[in-house]
Amino acid sequence: MTNKLVEEAPYHPGYEDASFKGQASPITTELDSFRKSNSRYLNFADVIVEFCASSQNKLHLAK
């Protein structure tokens, strides 16, 4: 049955990577959560570096 449906299905160029709205694979969801978590860590690290750089500037200016 499925082979017959595949044979009869028309080919539509440009729809090779089409997906359903609201549907995501578990792997994609997990990767997205890792990406967001990594972004939070990197943003926090940037804040620490900026703080250290500004405190170093204050020490050099005070001398």
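Predicted model, so just to flag it, every value in this text is computed and none were measured.

Chemist: Hey, could you go over the overall build of the chain for me, with residue numbers and the actual values?
Modeler: Within the chain, the secondary structure is distributed over two helices and zero strands. Across the 63 residues in the chain, those meeting the buried criterion constitute 2%. Surface accessibility of the chain: about 6,600 Å² in total, with carbon and sulfur atoms responsible for 62%.

Chemist: Give me the lowdown on the pattern of salt bridges, citing residues and values where you can.
Modeler: Summed over the entire model, instances satisfying the criterion amount to two salt bridges. Among the charged side chains, a salt-bridge network with shared partners connects Asp32, Arg35 and Lys36.

Chemist: Lay out a nonpolar patch on the surface in plain terms, naming residues and giving numbers.
Modeler: Taken together, the side chains of Ile27, Leu31 and Phe34 present a nonpolar region at the surface, about 330 Å² in accessible area. Mapped onto the elements, Phe34 comes out in helix H2 (residues 26–62). Residue class for Phe34 comes out exposed when judged on its relative accessible area of 51%.

Here is what the cut-offs are and how they apply
Residues numbered from 1 in each chain as written. Predicted model: local features only at pLDDT ≥ 70, side-chain atom pairs only at ≥ 80, totals over all residues. Heavy atoms only, no water. Helix = DSSP H or I, 4+ residues; strand = E, 2+ residues; numbered from the N terminus. Buried < 20%, exposed > 50% of the residue type's maximum accessible area, 1.4 Å probe, protein only. Areas by Shrake-Rupley, 256 points an atom, 1.4 Å probe, with all protein chains shown as cover. Salt bridge = Lys/Arg side-chain N within 4 Å of Asp/Glu carboxyl O. Patch = residues over 30% accessible without salt bridge, like charges linked within 9 Å, V, L, I, M, F, W, Y side chains within 5 Å.

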